[in-house]
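Results of the structural survey
Below are the chains, spelled out letter by letter.
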Amino acid sequence: MKPEKLTQLVALLLVAACATPELGPRRTTLPTDGAAVLPSRHVRGAFLLFAEFPGLAGRHVLLLDTGTDKTLLDLQFGRSLGLRSLGDEPVVTATGTAVPGVQFERLPALRLGEVEFQDVDAIGLDLSLLREHGGLPIAGIAGCDLFRQCLLEIDYQNHSVRCLPRSAAPTGPAHQFGERSPWVTVDLAGTAVRMLVDTGFQQSVALPPGTDVPFTGKPRAYGEIASIAGTQPKEIAHLAGVLRLGNLTWREPSILLVPGCPKIGARLLRDTLLRLDSSGGRLWLERSR
């Protein structure tokens, strides 16, 4: 598979299905100095985190995805950890299709470098399509809930991810959201659109077909986008105007027209510093200095 196909497949990912409150770890332990750089690799916009699990040797890859509101583990991997299924728990893909999943019993511990997450809620589902066709050896997806007891910082320009105490949150104005994942209101050439900030989406912007915003030309076919539920055709266009988010602006960004929720992806964020307080429903976004 060509690298660009890989990129499209990774980005599809998942939007969590249920809105059960207070998912995630029951305890998060940061180093004594309060901040930790997470072991990671930056792959065409996405961050892959290297996690350690009790009873398994080596490190295992998790995709860092703020577009997912919970921690997801591949079914086979979860069973290799000895986790029992507690019942069915469907998961909704980025294209809006529900796929079967299971609620695992809590994961006793998950370690990312110097940060340990204990008693972690996790959903199990089949991620084989992302491994086999996406070329990603991921054991799971680290969603927003994993970081609800700390401040997540993603520095796109320097390709680094950190966890800090929530008390280290910026004092300046934040984008507030009431959902379990970061949704923000964006101005698209004069039209206000509510969009998900999705670090697992490697392109700039995604909108569902039929969204009423102006384009510089007619959208054109741009292959297919895949998810664990299958593939669907997509189109690409450029916004005729400016995308504004707070005091940040992007002129004529590229937009993928695909089924699913409106979202901002990693390509648009590539020169920004993102800080997320998922428990407090706050997001800060600024240009990297």
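Everything that follows concerns the structure shown earlier in this document.
Sequence positions are assigned chain by chain, starting from 1 and proceeding in written order. Totals for whole chains, interfaces and linings use all residues, but because this is a predicted model, local features are given only for residues with pLDDT of at least 70 and pairs of side-chain atoms are given and counted only at 80 or more. Excluding hydrogens and water, the side-chain values take into account all heavy atoms of the structure.

So, on to the environment of Leu30. Helix numbering and strand numbering both begin at the N terminus, where a helix is a DSSP run of H or I of at least 4 residues and a strand a DSSP run of E of at least 2. Of note, Leu30 is situated in the loop between β2 (27-29) and β3 (36-37). As for Leu30 and Glu114, which are separated by 84 residues in sequence, their C-alpha atoms are 6.7 Å apart. Contacts are assigned to residue pairs with any non-hydrogen atoms lying within 4.5 Å of each other. Not counting the four nearest positions on each side in its chain, Leu30 is found in contact with Glu114, Val115, Cys150, Cys163, Leu164 and Pro165.

Here the focus is unusual backbone geometry. Despite not being glycine, Asp119 shows a phi value in the positive range, around 50 degrees. Phi is positive for Ala189, which is not a glycine, with a value near 50 degrees. You can see Ala189 is positioned in the loop between β19 (183-188) and β20 (191-197).

Right, let's get into the packing of aromatic side chains. Note on aromatic contacts: the rings of Phe and Tyr and the six-membered ring of Trp form a pair at centre separations within 6.5 Å, being stacked when their planes are under 30 degrees apart, edge-to-face when over 60 apart, and tilted otherwise. In this structure the tally under the stated criterion is three aromatic pairs. Between Phe53 and Phe77, the ring centres sit 5.0 Å apart and the planes meet at 75 degrees, which makes this aromatic pair edge-to-face. Of this pair, Phe53 sits in the loop between β5 (46-51) and β6 (60-64) while Phe77 is found in helix α2 (residues 75-80), placing the two residues 24 residues apart along the sequence. Only protein chains enter the calculation, and the probe is 1.4 Å; a residue is then buried if its accessible area is under 20% of its type maximum, exposed if over 50%, and partly exposed in between. Residue classification places Phe53 among the buried residues on the basis of a relative accessible area of 4%. Phe77 sits in the buried class, given a relative accessible area of 11%. Over the ring of Phe201 we find Lys263; its NZ or CZ atom is 5.5 Å from the centre of that ring. By the criterion adopted, a ring carries a charge over it if an Arg CZ or a Lys NZ lies within 6 Å of its centre and within 35 degrees of its normal.

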